[in-house]
Amino acid sequence: KAGVTQTPRYLIKTRGQQVTLSCSPISGHRSVSWYQQTPGQGLQFLFEYFSETQRNKGNFPGRFSGRQFSNSRSEMNVSTLELGDSALYLCASSLSLDTKAFFGQGTRLTVV
Amino acid sequence: GDSVTQMEGPVTLSEEAFLTINCTYTATGYPSLFWYVQYPGEGLQLLLKATKADDKGSNKGFEATYRKETTSFHLEKGSVQVSDSAVYFCALKMGGANSKLTFGKGITLSVRP
């Protein structure tokens, strides 16, 4: 069974640009959550989706957004990139809300 | 709000040494508690969990007991191996219909032969 797949693995963007990251959950999983990992702030929750609806949101500015498609695949978008957005972005999928989460390998975003 | 505090790192041990990584939490209710491990270049893997007070989670020789009275979930292993070198995160999740995990800062463990 394939795990959680995140694409791309690495990304370099310039300040002011926007970026879209993709997450394909494990087959059959309907819940997808996103986290930002930085050396200074550690792992912080961005948002979670279930059945194409955002169920929970962390304390991030509106530049961070996401969506989930009918096949449970999810994308997150960051607009007007700032240097501080450089991070590892992790996606986790689970069968449903409140069930075990499986993490992908992450997308390493570098903003220059 | 809810939070998790882990001991400061990094930690360096010799192979076969005893490991303890401290974790305490603050929560308004009764969370489930987790330990995740992150190997270099990888995502997070669930190591063990406990869902209620006095529960003991265990996996691969690691153990942690949910202590409500001290709001703690310390990770222990009797004899570490070089392959245990990784970053360890303590996390909590409140009940209800949500998947949000609140993580500690993580601690890097290095085990030397």
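Along each chain, residues carry numbers from 1 onward, in the same order as the chain's sequence is written. Chains carry letters from A onward and ligands carry numbers from 1 onward, assigned in written order. With pLDDT at 70 or above as the cut-off, local features in this predicted model cover only qualifying residues; side-chain atom pairs require 80 or more to be listed or tallied, and sums for whole chains, interfaces and linings still use all residues. Calculated side-chain values reflect all of the structure's heavy atoms, with hydrogen atoms and water omitted.

### Examining the overall build of chain A
Here is step 1 of the chain: Counting secondary structure elements, chain A contains zero helices and 11 strands.
Here is step 2 of the chain: In this description a helix means any DSSP run of H or I spanning at least four residues, a strand means any run of E spanning at least two, and both kinds are numbered starting from the N terminus. Reading chain A from its N end, one meets helices and strands in the order β-β-β-β-β-β-β-β-β-β-β.
Here is step 3 of the chain: Radius of gyration here uses only the C-alpha atoms, and the compact-globule reference equals 2.2 Å multiplied by the residue count raised to the power 0.38. On C-alpha atoms alone, chain A measures out to a radius of gyration of 13 Å, which is about the 13 Å that the 2.2 N^0.38 rule sets for 112 residues.
Here is step 4 of the chain: A principal-axis box enclosing the C-alpha atoms of chain A has dimensions of 35 × 25 × 25 Å.
Here is step 5 of the chain: The buried share of chain A, reckoned over its 112 residues, is 49%.
Here is step 6 of the chain: Residues are treated as being in contact if the distance between any of their heavy atoms lies within 4.5 Å. The contacts in chain A between residues at least 6 apart in sequence include a share of 54% that link residues at least 24 apart.
Here is step 7 of the chain: The accessible surface values rely on the Shrake-Rupley method and a 1.4 Å probe; as for residues, cover is taken only from the protein chains in view. About 5,300 Å² of surface is accessible on chain A, with carbon and sulfur atoms providing 47% of the total.
Here is step 8 of the chain: Counted as positive: Lys and Arg. Counted as negative: Asp and Glu, with His and the chain ends omitted from the count. Charge placement uses NZ in Lys and CZ in Arg. For Asp and Glu, CG and CD serve respectively. Distance between charge centres in chain A, computed from 12 positive and 6 negative side chains, equals 6 Å. Residue exposure (1.4 Å probe, protein chains only): buried if accessible area is under 20% of the type maximum, exposed if over 50%, otherwise partly exposed.

### Regarding the sheet that holds strand E7 (residues 56–59) of chain B
All names here are of chain B.
Here is step 1 of the chain: The strand order across the open sheet built from four strands is E3-E9-E8-E7, with neighbouring strands paired in antiparallel fashion. Edge positions in the open sheet fall to strand E3 (19–21) and E7, since each of these has one partner strand only. Across the sheet, the mean angle separating the axes of adjacent strands is 15° when strand polarity is ignored.
Here is step 2 of the chain: The pairing of E3 with strand E9 (residues 75–77) spans three bridges and is antiparallel. Note on E9: the bridge partner recorded for Thr 20 is Glu 76. Any two strands between which DSSP finds at least two bridges are classified as paired. Note on geometry: axes are lines fitted to C-alpha atoms, helical ones only across the stretch in contact, with angles between N-to-C directions running from 0 to 180 degrees.

### Description of the state of the cysteines
Residues and elements named next belong to chain A.
Here is step 1 of the chain: Here, two cysteine sulfur atoms that lie within 2.5 Å of each other are counted as a disulfide. One pass over the structure, following the stated rule, counts two disulfides over all chains.
Here is step 2 of the chain: Here Cys 23 pairs with Cys 91 through a disulfide, and the sulfurs are 1.8 Å apart. Between Cys 23 and Cys 91, the S-S dihedral sits near -55°, and the bridge is therefore left-handed. Within this pair, whereas Cys 23 is found in strand E3 (residues 19–24), its partner Cys 91 is found in strand E9 (residues 87–94), the two being separated by 68 residues in sequence. The exposure classification of Cys 23 matches that of Cys 91, with both residues buried.

### Side note on the pattern of salt bridges
All names here are of chain A.
Here is step 1 of the chain: We define a salt bridge as a side-chain nitrogen of Lys or Arg found within 4 Å of a carboxyl oxygen belonging to Asp or Glu. Here the structure, examined in full by the defined rule, presents seven salt bridges over all chains.
Here is step 2 of the chain: Among the salt bridges present, the one from Arg 63 reaches Asp 85, with a minimum N-O distance of 2.8 Å. Linking Arg 63 in the loop between strand E6 (53–57) and strand E7 (64–68) with Asp 85 in the loop between strand E8 (74–78) and E9, this pair joins segments that are 22 residues apart in sequence. The same class applies to Arg 63 as to Asp 85, namely buried.
Here is step 3 of the chain: Its salt-bridge partner being Arg 67, residue Glu 75 comes within 3.3 Å of it at the nearest N-O pair.
Here is step 4 of the chain: Judged by its relative accessible area of 48%, Arg 67 falls in the partly exposed class.
Here is step 5 of the chain: Connected via shared salt-bridge partners are Arg 63, Glu 82 and Asp 85.

### So, the interface of chain A and chain B
Here is step 1 of the chain: Counting residues at the interface gives 22 residues for chain A, matched by 18 residues for chain B.
Here is step 2 of the chain: In this assembly, chain A packs against chain B so that about 1,600 Å² is buried in total across both faces, 51% of it on carbon and sulfur atoms.
Here is step 3 of the chain: A 1.4 Å probe defines the accessible area here, and the buried area is the portion of it lost by two parts on being joined, summed over both. When the buried area of chain A at its contact with chain B is split by residue, Leu 43, Asp 98 and Phe 103 of chain A rank highest and sum to 33% of it.
Here is step 4 of the chain: At the boundary of chain A and chain B, one finds zero salt bridges.
Here is step 5 of the chain: Two N or O atoms count as a polar contact when they lie within 3.5 Å, although within protein this holds only if one can serve as hydrogen donor and the other as acceptor, and sequence-adjacent residues are included solely when both atoms are side-chain atoms. Remark: the boundary between chain A and chain B carries five residue pairs in polar contact (both at pLDDT 80 or more).
Here is step 6 of the chain: Breaking the side of chain A that touches chain B down by element, the ones donating at least two residues are strand E4 (31–38), strand E5 (42–50) and E9 of chain A.
Here is step 7 of the chain: Of all the elements, E4 of chain A adds the most residues to the side of chain A that touches chain B, at four residues.

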